[in-house]
Amino acid sequence: MPHDHHDHDDFHHDGMSPSGHPYRADNDTPLTYWQVMEIAIRELLIDKGIATASEIAVQIDTMDARSPADGASVVARAWTDPDFKGRLLQDASAAARELGFDIGALRLIAVENTADIHNVVVCTLCSCYPRNLLGLPPDWYKTRAYRSRVVKEPRRVLAEFGLTLPLSTRVRVHDSTADMRYIVLPARPAGTESLSEEQLAALVTRDSMIGTGLPKSPA
Amino acid sequence: MDAPTVPPMTEETGRRWHDMGGLKAGPLDATQHDFALWEKRVDALMVLCSAKGYFTVDGLRRALEDMGEDAFETMSYYERWVASINNNLLEAGVYTVEELGRRMQEVMARGKTYGEASGG
């Protein structure tokens, strides 16, 4: 949007931040009430010594660095190391920590898909999600449609994601809480016997660890 | 006696609005948006304030649930989160309503975009 309060001869180029860089696209929309509140709260916390600007920046970087690739590496390890898989199904928090992931205080539970059982994860009450292994949840995970329906008609919801399961497959839906979160251990795809752990991890999608999808097939 | 501030369970369902598992709802919308910087900052403030003991995830949820269904339908996810964080920090006495109001006025006076108002 135009910055019409700036002269064209102004030192700052239109659309540039005080440091002379372009604003991020998402910073250049009209300011909203809630954005003003975020800025004000953040500054008050900094002024009062409760948090520092760098702590906030580090926390954003930490969250940005988390992605479904983290969960995928845990899944690929479980596919290639039966002992690790046993530990993962016993205590997923401890097993994920073995691989260097910070799981915090929450209890993480891995649920295994087999030839007969398909697991799906939801948080019907809010938006609890294994964010330490998958990053922030997709928008649809937080919607009324997903939260309400997946516990009632999971097959129909999965079909809307393009996943149609045979009626012989038992579908289990797991409802998360703030302190207890689930991650799906998808079944290893057929024809992947010769793949490395890294190649296997590349097949593991975010949705396959929520249960609304399956891992990719090997190319 | 003060009037109750928590909305009651509805007679029809015996549950509060956020307890929506199993209820009828429309089709899935898998549209995804990238999180804006201000949204990531809200998320970071929640993580830091809870790690430092100013409030808990249960406090976050209590305020979100007390906002009611209208807020869920009309505000975005992180708009509701920042409102809840604010409620919790006011309750914890971290700052006053007056301090917040004054700071919000100052922020608004800086410019018309988020970039300008937050200093880039």
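Structure report, in brief.

Glancing now at the overall build of chain A. Within chain A, the secondary structure is distributed over 10 helices and four strands. Ordered by position in the sequence, the α and β elements of chain A form the string α-α-α-α-α-β-β-α-α-α-β-β-α-α. For chain A, contacts bridging at least 24 residues in sequence account for 64% of all contacts bridging at least 6. Entry remark: accessible area of chain A is about 10,600 Å², with carbon and sulfur atoms responsible for 53%.

Every contact between the two is made by 62 residues of chain B and, on the other side, 60 residues of chain A. Of the roughly 5,800 Å² buried where chain B meets chain A, counting both sides, 64% is carbon and sulfur surface. On the surface where chain B and chain A come into contact, there are nine salt bridges. Across the salt bridge formed by Glu55 of chain A and Lys52 of chain B, the nearest N and O atoms sit 2.9 Å from each other. Run the count over chain B and chain A and you get 21 residue pairs in polar contact (both at pLDDT 80 or more). Mapped by element, the contributors of at least two residues to the side of chain B that touches chain A are helix 1 (37-51), helix 2 (57-67), helix 3 (69-74), helix 4 (77-91), helix 5 (97-109) and helix 6 (114-117) of chain B.

Formed by 49 residues in total, the largest nonpolar core has its most connected members in Leu88, Leu133, Tyr141, Tyr146 and Ile210 of chain A. Examining the composition of this core, we find that six residues originate from one element, helix 3 (residues 68-80) of chain A, more than from any other. Non-local contacts of Tyr146 of chain A, meaning those with residues more than four positions away in its chain, are made with Val120, Val121, Val122, Trp140, Tyr141, Val157, Phe161, Ile210 and Thr212 of chain A together with Leu28 of chain B. By size, the runner-up hydrophobic cluster in this structure holds 40 residues, among which are Met63 of chain A together with Met46, Leu89 and Tyr95 of chain B.

Relative orientation of the contacting elements helix 1 (residues 33-47) of chain A and helix 4 of chain B amounts to 40 degrees, with a least axis distance of 10 Å. Considering their axes alone, helix 1 of chain A and helix 4 of chain B lie oblique with respect to each other. In this structure, helix 1 of chain A meets helix 4 of chain B at a crossing whose hand is left-handed. Contact residues: Trp34, Met37, Glu38, Ile41 and Leu45 of chain A in helix 1 of chain A; Glu79, Val82, Ala83, Asn86 and Leu89 of chain B in helix 4 of chain B. The class makeup of the residues in the contact of helix 1 of chain A with helix 4 of chain B is seven nonpolar, one polar and two charged.

This part covers the pattern of salt bridges. Inspection of every chain in the model, using the stated rule, returns 24 salt bridges over all chains. Here Arg144 of chain A makes a salt bridge to Glu69 of chain B, at a shortest N to O gap of 2.8 Å. Of this pair, Arg144 of chain A sits in helix 7 (residues 144-149) while Glu69 of chain B sits in helix 3, on two different chains. Linked by salt bridges that have partners in common, Glu43 and Asp47 of chain A together with Arg103, Glu106 and Arg110 of chain B make up one network.

Rules and cut-offs
Residues numbered from 1 in each chain as written. Chains lettered and ligands numbered in written order. Predicted model: local features only at pLDDT ≥ 70, side-chain atom pairs only at ≥ 80, totals over all residues. Heavy atoms only, no water. Helix = DSSP H or I, 4+ residues; strand = E, 2+ residues; numbered from the N terminus. Contact = heavy atoms within 4.5 Å. Areas by Shrake-Rupley, 256 points an atom, 1.4 Å probe, with all protein chains shown as cover. Buried area = accessible area lost by both parts, 1.4 Å probe. Salt bridge = Lys/Arg side-chain N within 4 Å of Asp/Glu carboxyl O. Polar contact = N/O pair within 3.5 Å; in protein donor to acceptor, adjacent residues only side chain to side chain. Core = buried A, V, L, I, M, F, W, Y, C linked by side-chain atoms within 4.5 Å. Buried < 20%, exposed > 50% of the residue type's maximum accessible area, 1.4 Å probe, protein only. Axes fitted to C-alpha atoms, helices over the stretch in contact; angles between N-to-C directions. Parallel < 35°, antiparallel > 145°, perpendicular 65-115°, else oblique. Left-handed = near helix turned anticlockwise from the far one by under 90°. Nonpolar A, V, L, I, M, F, W, Y, C, P; charged D, E, K, R; others polar.

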